[in-house]
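Architecture and fold: a report
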Amino acid sequence: MGNTVMSTSWRLIPAVITVWAATAWGQSSQKEPHIGYVYPSGGQRGKVILITVGGQNLRGVTDVYVSGTGVKGTVVQYCRPLFNLKQEQREALQRTMRELFQKRIAELPAGGYDFTPLGREFGITRPNAAGPADAGRKDAPARTSLPKKGRASPQAQPVKPAKAAETQPAELPEHPLVYELDKKSLRELLHIRRELLNLRNRQPNAQIAESVLIRIVIEPNARPGDREIRLGTPLGLTNPMCFQVDQLAEISELEPNDPHTPSLLPDEPPAGLPLMINGQIKPGDVDRFRFRAQRSQKLVIETWARHLVPYLADAVPGWFQATLALYDAKGKEVAFADDYRFDPDPVLLYEVPEDGVYTVEIRDSVYRGREDFVYRIAVAERPFITQVFPLGGRIGTRTAALIDGWNLPARQLFLATAGDTDGIRQTALRRKDRVSNEISYAVDTLPESAETEPNDTPQKAQQIELPRMINGTIHRPGDVDVFQFTGKAGSEIVAEVCARRLGSPLDSLLRLTDASGRVLEWNDDHEDKESGLLTHQADSYLRTRLPEDGVYHVHLADSQRHGGKPYAYRLRVGGPRPDFALRLTPSSINMRAGGAALVTVHAVRKDGFDGQVEVVLKDAPAGFALSGARVPPGRDQVRMTLTTPQTPLDKPTALQLEGRAQIAGRTVNRPVVPAEDMMQAFSYRHLTPSQELMVATLGGKRGGPPIEVVGEGPVRIPAGGTAEVQIKTPAYRMLRQVKLELREPPNGVTLQDVTAAPTGLTLVLKADSSAVQVGAADNLIVEAFTEAPARGQNPDGQKKSRASLGVLPAIPVEITQK
């Protein structure tokens, strides 16, 4: 009975029946547009590139939105799902590519290379012989328009290259690779042929089956780093995906490029460095790239794969697990990595022993693959930081961290600690155009100390005064750092390690012991839901009350007994500091003008904080409003609704929200971070942060007067009783029968009755005393929908088709004693 469907009762309306039109509602249950990959997932500053975005429900896409400045995108072409080629498409593609093959051969200067094997690949019995496959492409003749429709000709017939214009019209497949096909080189044509003619051998995936070809313009002064790209469709904004801006020259893979497939073209010259490589791993795929390196070069070969697509819902372990190998000119493997410490994206650090041609290889660890297994590999002598100490500093205190790594122009990095907000921040080492990998560090308000050796045993423990932030290192394998403090009976103590969240490889283990050595509390791994991108939550946290006055020891070690200079940490020891952090999902919100959209606010409660958190819009344009805008005491998440202005937005708008709570007599403000609720490997869920919270309105029509919940504060429903809620609604002539339903209500709460009057609706809510909990608080979400006989059913048929009209503003409720 929790989601009882109630038809609106019209008995109180004498003449004119009132109801909401569809435009009075907000978010409907229509399918949301979604994108699953971007390829290539980045580009070089100052360049114009074409990228493909794969996803679902993208038909009619019109706009491209990229966060930050200096990067613009426009839609070139939408392509429907292409799971396999129809026979006529296959024949048309083969015929057209045979013509282009002959044309490319004719354009090349004589060079003595035998193209007979490649000709057989394209179904040509007597190809010409010429020079290197891609020679002269910059001076190739102007584009020749290709016909689009017509009957296919038989395969394996000689075609005269000079008469391409006389070919019968052909219907080519709709796919980004076919765009401007007549401009492609021999190498590109072979890649396209392999990709499209092998579609039948791949398992279709509807979530990434649609594709959009996009032209991206990157300005020369665009800031390097991660951006977010979203598409605008008739159904609204898509979710964001990562797009990177870099300074390196870029190439994209062309199949075949694996070690087991013989080449049908002359070998291309090795690439020069520095270089950024883009590619996709398909099932069983292995990609190789050749480059020339010089003796003593300190190469950083860095991969972005899982970083680009953090989680896959339908794959184990839940992301593309790339492996990276490096081979010398003799084919000997000289380096291999399948991760970088705890990060699934591998990094190779390699000092070149001699001049020569080297080959980098990438594949999935278990040879999986599909279109969303995208990657980027940087091969360059770039600065790369491998260790930092300390991993943070006190707010407002000048902090210089010592750094080590490869190709570093400096050994110190100053950490920005200004401001009044503690937490984790990011920075990088920048010297002119040289930018290192990004590192994380923490700032805090507590007084700080440095760990000093020897402190391996309670007898040699380092004395500390509480509260304290300690910067230390597990210096060697098996090292244990012990800290001693004096405590009072009944006082509460918190010890927390921050290391893995700051990029340290430390897998911490914490123990709290009394003077006799008895273990009072211990912890290995503690999940921090703020760190949704971490694949292994390895930082420790413990909280307990001291049983008596006396001396106590905190022991910190690596749980795997590893150690070394990179194994740095920050250890907080002291009393609890109740606090909170907030995440909001989804980070792309679509609704009709004047309507309400459902969002979820997730609360990460810290050090025992269980109070209420108010959520407010921060500097939002006029007309935006939140309903049910509080996280009740003790709740980790709550649904609320966002209402947009009645006038449609000209373009998507970025919003900022803030959480406010009373803690120890003062108001604490924390930002609400937009996020995506992502599934990993069929079951696990993670809140992955987004750069922006974007809101778009649908349809372009002005919304009607707003729907409002009458009164302030929560509706109090007595356990075992009922309560009424007044909803102020606009008056419309009846369009159809409207039904209301509670969407996922709390246990025991039902919608008992609905009555309508000229001024609005009255909802009667009931709380079952055997199922509800007195004191529980939540927001009720009421969905409106219509039902009609399903297609093919007569009006009296039992099978109904349901159409959602959206949701009312959230209704705060509280269960009270009857």
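Not measured: the values here are computed from a predicted model.

1. Section: the sheet that holds strand β6 (residues 71–79)
Overall, antiparallel pairing links the four strands, which are arranged β2-β4-β7-β6 in an open sheet. At either margin of the open sheet sits one strand with a lone partner, and together these are β2 (34–39) and β6. The sheet shows a mean angle of 30° between the axes of neighbouring strands, direction not considered. Across eight bridges, the pairing between strand β4 (residues 48–56) and strand β7 (residues 210–218) is antiparallel. Bridge pairing in β7 places valine 53 opposite valine 212.

2. Focus: the pairing of strand β19 (residues 374–380)
Within β19, seven of the seven residues are buried, leaving the element largely enclosed by the surrounding structure. Pairing of strand β12 (residues 275–280) with β19 involves six bridges; the strand directions are antiparallel. Each bridged residue has a counterpart across the sheet, and for isoleucine 277 the counterpart in β19 is isoleucine 377. Examined bridge by bridge, strand β14 (residues 298–304) and β19 share five bridges and lie antiparallel to one another. By the bridge assignment, tryptophan 304 is partnered in β19 with arginine 376.

3. Focus on the sheet that holds strand β24 (residues 423–427)
Strand order in the open sheet formed by three strands is β21-β27-β24, with mixed pairing between adjacent strands. With one partner strand each, in any of the chains shown, β21 (392–394) and β24 form the two edges of the open sheet. Neighbour-to-neighbour, the strand axes of this sheet turn through a mean angle of 30°, independent of strand direction. Of the pairings in the sheet, the one linking β21 to strand β27 (residues 439–444) comprises three bridges and is parallel in character.

4. Things to note about the pattern of salt bridges
By the definition in use, this model includes 37 salt bridges. We note a salt bridge from glutamate 658 to lysine 618, for which the minimum N-O separation is 3.8 Å. With glutamate 658 in strand β46 (residues 657–663) and lysine 618 in the loop between β41 (613–617) and β42 (625–627), this residue pair connects regions lying 40 residues apart in the sequence. In this structure, the salt-bridge partner of glutamate 787 is lysine 739, at a minimum N-O distance of 3.0 Å. Of the two residues, glutamate 787 is situated in strand β57 (residues 782–789) and lysine 739 in strand β53 (residues 739–742); the sequence distance between them amounts to 48 residues.

5. A look at the packing of aromatic side chains
A ring pair, where both rings are aromatic, is described by two values, the distance of the centres and the angle of the planes. Throughout the structure, instances matching the rule amount to seven aromatic pairs. A ring pair is formed by phenylalanine 485 and tyrosine 552, whose centres lie 5.9 Å apart and whose planes are at 25°; its orientation type is stacked. Here the residue phenylalanine 485 occupies a position in strand β31 (residues 480–487), and tyrosine 552 occupies one in strand β36 (residues 550–558), the gap between them amounting to 67 residues. Judged on exposure class, the residue phenylalanine 485 and its partner tyrosine 552 are both buried. Through a chain of ring-to-ring contacts, the aromatic side chains of Phe291, Tyr350 and Tyr358 assemble into a single cluster. One Lys or Arg, lysine 298, reaches over the ring of tryptophan 406 and ends 4.6 Å from the middle of that ring. Directly above the aromatic system of tryptophan 319 lies the positively charged group of arginine 306, at a separation of 5.3 Å from the ring centroid.

6. Brief notes about the confidence of the model for the protein
Reading fine detail from the predicted coordinates is not recommended where pLDDT is low. Averaged over all residues, the pLDDT of the protein equals 88, while 88% of them reach at least 70. A low-confidence stretch, residues 8–25 (pLDDT under 50), is modelled with 65 contacts involving residues beyond four sequence positions or located in other chains. Counted against residues more than four places away or in other chains, residues 129–168, with its pLDDT under 50, gives 87 contacts.

7. A few points about the environment of glutamine 560
Mapping glutamine 560 onto the fold places it in the loop between β36 and β37 (568–574). For glutamine 560, a relative accessible area of 48% translates into the label partly exposed. Taking the C-alpha atoms as reference, glutamine 560 lies 9.0 Å from leucine 509; in sequence the two are 51 residues apart.

8. Focus on the side chain of arginine 194
Along the polypeptide, arginine 194 turns up in helix α3 (residues 186–197). Apart from residues lying up to four places away in sequence, arginine 194 is in contact with Glu121, Pro256, Thr261 and Leu264.

9. Points about unusual backbone geometry
Working note: non-glycine residues mostly have negative phi, and peptide bonds are mostly trans. Cis geometry is found at the peptide bond from phenylalanine 389 to proline 390, where omega equals -5°. With omega at -5°, the peptide bond leading from leucine 466 into proline 467 counts as cis. Tracing the chain through its elements places proline 467 in the loop between β29 (462–463) and β30 (468–473). One non-glycine residue, asparagine 407, adopts positive backbone phi at about 60°.

10. Overview of the packing of helix α1 (residues 87–107) against α3
Across the interface, α1 lies against α3 with an axial gap of 10 Å and an inter-helix angle of 165°. Classified by the angle between their axes, α1 and α3 sit roughly antiparallel to one another. Both α1 and α3 take part in a crossing whose hand is left-handed. Residues Arg90, Leu93, Gln94, Met97, Leu100, Phe101, Arg104 and Ile105 of α1 form the contact with α3, whose own contacting residues are Leu186, Leu189, Ile192, Arg193, Leu196 and Leu197. Along the lines of polarity and charge, the residues of the contact of α1 with α3 split into 10 nonpolar, one polar and three charged.

How each quantity is defined
Residue positions are given per chain, counted from 1 along the sequence in the order it is written. Given that the model is predicted, a residue must reach a pLDDT of at least 70 before its local features are reported, and side-chain atom pairs must reach 80 or more before they are shown or counted; all residues, however, enter totals for whole chains, interfaces and linings. Excluded from the side-chain calculations are hydrogens and water; all other atoms, namely the structure's heavy atoms, are used. Strands are treated as partners if at least two bridges between them are detected by DSSP. Secondary structure elements follow DSSP: runs of H or I of four or more residues count as helices, runs of E of two or more count as strands, with numbering from the N terminus. Convention adopted: a line fitted to C-alpha atoms gives each axis, helices being fitted over their contacting stretch, and angles between N-to-C directions are expressed from 0 to 180 degrees. Only protein chains enter the accessibility calculation, which uses a 1.4 Å probe. A residue is then buried if its area is under 20% of the maximum for its type, exposed if over 50%, and partly exposed in between. Between Lys or Arg on one side and Asp or Glu on the other, a salt bridge is scored when a side-chain nitrogen of the former is within 4 Å of a carboxyl oxygen of the latter. Stacked, tilted and edge-to-face pairs are distinguished by plane angle, under 30 degrees for stacked and over 60 for edge-to-face with tilted covering the rest, among Phe, Tyr and Trp rings (Trp via its six-membered ring) whose centres lie within 6.5 Å. Distance and angle both matter: a charge sits over a ring if NZ of Lys or CZ of Arg is within 6 Å of the ring centre and within 35 degrees of the ring normal. On a scale of 0 to 100, pLDDT captures the predictor's confidence in every residue. Contacts: residue pairs with any heavy atoms within 4.5 Å of one another. Note on terminology: angles under 35 degrees are roughly parallel, angles over 145 are roughly antiparallel, angles of 65 to 115 are roughly perpendicular, and the others are oblique. Should the near helix be turned anticlockwise from the far one by less than a right angle, the crossing is termed left-handed; should it be turned clockwise, right-handed. Charged residues are taken to be Asp, Glu, Lys and Arg, nonpolar residues to be Ala, Val, Leu, Ile, Met, Phe, Trp, Tyr, Cys and Pro, and polar residues to be all remaining types, Gly included.

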